[in-house]
Each structure stands twice: as structure tokens, then as C-alpha cells.
Amino acid sequence: MVTTSAFIVITPDAESGESSITVVDAGWRLLHNRPVLNYLRELGYGTDSVCRLISTHYHPDHVGGMAGLRRATGAPVSAHRLEAPYLAGEPGRKIPNPVKPLWLRPLFWPLMAPMSPPNFPVTTILDDGDCLPLLGGARVLHTPGHTPGSISLHFPNEGVLLVADAIQRYQERLTLPSRWFSSDMEAAKKSVQKLASIDFEILCFSHFEPMRKGARAALRSLAEFVS
């Protein structure tokens, strides 16, 4: 299931017959805790079924609701090592303004300020190549560019690649992340080339419908275009 910037991953346990829930990202502050929790209840799961929270990157539309979900579920948070200190609010580490052009930041500030993410502890530090016990094993891919510690998740048993905001989709066309909200476009290009080497069938994004047909070919074409 995907709501705005939030994914729910249900991993069944063959031995116990029960399922564990992982929530990837949490949407904006104040807006998306309730839809995620309500959806879980519709599926028959309580907050105690959530065993893990994952941050793909520290932009406020992805981690704004994370502190609230952590309080509601008691689940630990996982994030890339480059971004965990910012999420936790360590001294001198404040989550950067996501708007890249300096001239545009004052225009966005009235909207962004109330939605600034509250800090929360990160229990598990993630790095490139780590494996998570989700759906038979999910591989963590460090895909910087949109932010320094952006991660993607590859579910090889399901043929799914979750790229969060590392790539955008416009109908059947894939593009790089927005220059207005990305920290390093050269790194973003290298991340696209890295993702194009992965074997998958379905490509999932944070803000666009999944691409179920021709996804790998489309990603390879984008990688060749930006190389």
C-alpha cells in the first residue's frame, strides 16, 4: 500500500502464521499518521503489528510524520548513516531546507515551517548493501543525489524496486529527481546508473503510480541518456 510518501510492507511469517508490518516513510507532519494507521486497522492490524519504520531520506514530506508513528507504534526507526544524525537532532545537525534555489526558499518558508519534522532517535543505521528481513530479503541501495543519504530498496523475490524520490515518472517516461529539491544532480545521475543495473520488474516511486510494464527498459534508457 502507498499513501503520499508512505509505504506499508506486510511480511508473512510461515511458522507463526502472523505478519509483521514495516512502514517506509511517513508523509508530512500531522497529515499522514492517521491514514497509515487507519489503513492498517482496515487490514486487521493494530499498532503493535508494526515492527520497523524506515526513512528513505530526510525531506519533510517523508519524515514529518515519523516521530508520531514511532510514538504510536513503539517501532524502531532505520535510516542511512549520513542522515541519522540530522533526524536525531544531534548538536549542529539540522535537517537542511529541501528547496535548492536560494531565491525560492523565502517563498516556501511559510508553508515549510509548520511542517518541519520533529526529531526522533534512529535505532538502526543503514548502509549500502545491507539486507533487511522483508519479503524474503530486501537489499538497501545507497542512491544519493536527491539527498546525501537517500536509499532505495530492492525486493528481489518480488521483482520490485522502490526508488522513493531518486527517480520521477511522467506517464511512461522516467526522469531525474527535481533540480529544485535535490542536493546533487551529478550524484543523482550516478544513482540512476546504479539502479539500472538491478534486476526487477516493477518500479515503485513515492509520488507517482508504479511502473509495471517496461520499467527496467525505461530505467536503462534513462541511465544511458544521463551518462
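As a further point, take the overall build of the protein chain. The helix and strand inventory of the protein chain stands at 7 helices and 13 strands. Its C-alpha atoms give the protein chain a radius of gyration of 17 Å, near enough to 17 Å, the size a compact globule of 227 residues would have. Principal-axis analysis of the C-alpha atoms gives the protein chain an extent of 50 × 40 × 30 Å. The burial tally for the protein chain puts 50% of its 227 residues in the buried class. Of the contacts made within the protein chain by residues no fewer than 6 positions apart, 65% connect residues no fewer than 24 positions apart. Here the protein chain has roughly 11,100 Å² of accessible surface; of this, 53% comes from carbon and sulfur atoms. Taken together, the 22 basic and 21 acidic charged side chains of the protein chain have centroids lying 8 Å from each other.

All of the buried residues along helix α6 (residues 185-195) are M185, A187, A188, S191, V192 and L195. Around the axis of α6, the buried residues are gathered within 150° of arc, so they sit on the same side. At its buried positions, α6 is contacted by β8 (138-142), β9 (151-155), β10 (160-162) and α7 (215-226). Here α6 starts with a cap whose side-chain oxygen sits 3.1 Å from the backbone nitrogen of E186, and that cap is D184.

Residues W103, L107 and W180 make up a contiguous nonpolar surface patch of about 410 Å² in total accessible area. Of note, W180 is situated in the loop between β12 (173-175) and α6.

The tally for this structure, following the rule as stated, stands at 4 aromatic pairs. Taken together, a centroid distance of 5.6 Å and an interplanar angle of 70° make the contact between Y58 and Y86 edge-to-face. Highlighted residues: Y58 in the loop between β4 (50-54) and α2 (60-63) and Y86 in helix α4 (residues 84-87), separated in sequence by 28 residues. Judged by its relative accessible area of 21%, Y86 falls in the partly exposed class. Judged by centre distance (5.6 Å) and plane angle (65°), the ring pair of Y170 and F208 falls under edge-to-face. Here Y170 is found in strand β11 (residues 168-170), whereas its partner F208 is found in the loop between β13 (202-204) and α7, with 38 residues between them in sequence. Residue classification places Y170 among the partly exposed positions, given a relative accessible area of 45%. The class for F208 is partly exposed, based on a relative accessible area of 24%. Each member of the aromatic cluster is reached from another via a ring pair, and the members are Y170, F205 and F208.

Rules and cut-offs
In this convention, every chain numbers its residues from 1, walking through the sequence in written order. Residue-level local features of this predicted model are given only where pLDDT is at least 70; pairs of side-chain atoms are given and counted only at 80 or more, and the full residue set underlies all totals for whole chains, interfaces and linings. With hydrogens and water set aside, each side-chain value is computed from the structure's full complement of heavy atoms. Runs of H or I in DSSP of at least four residues are treated as helices and runs of E of at least two as strands, each being numbered from the N terminus. We compute the radius of gyration over the C-alpha atoms and compare it with the globule rule, which gives 2.2 Å times the number of residues raised to the power 0.38. Only protein chains enter the area calculation, which uses a 1.4 Å probe; residues under 20% of their type maximum are buried, those over 50% are exposed, and those in between are partly exposed. The criterion used for residue contact is that any of the two residues' heavy atoms lie within 4.5 Å. Accessible surface is estimated by sampling points in the Shrake-Rupley manner with a 1.4 Å probe; for residues, cover comes only from the protein chains shown. Asp and Glu count as negative and Lys and Arg as positive, but His and the ends of the chain are not part of the count. Here the site of a charge means atom NZ of a Lys, CZ of an Arg, CG of an Asp or CD of a Glu. It is the directions from the helix axis to the C-beta atoms whose arc is reported. Any pair of nitrogen or oxygen atoms within 3.5 Å is treated as a polar contact; in protein, a donor-acceptor pairing is required on top of that, and neighbouring residues in sequence qualify only through side-chain atoms on both sides. Patch membership requires more than 30% relative accessible area and the absence of a salt bridge. Residues of like charge join within 9 Å; the nonpolar side chains Val, Leu, Ile, Met, Phe, Trp and Tyr join within 5 Å. What counts as a salt bridge is simple: a side-chain nitrogen of Lys or Arg found within 4 Å of a carboxyl oxygen of Asp or Glu. Any two of the Phe, Tyr and Trp rings considered here, Trp counted by its six-membered ring, make a pair once their centres fall within 6.5 Å; the pair's planes then place it as stacked at under 30 degrees, edge-to-face at over 60, or tilted in between.

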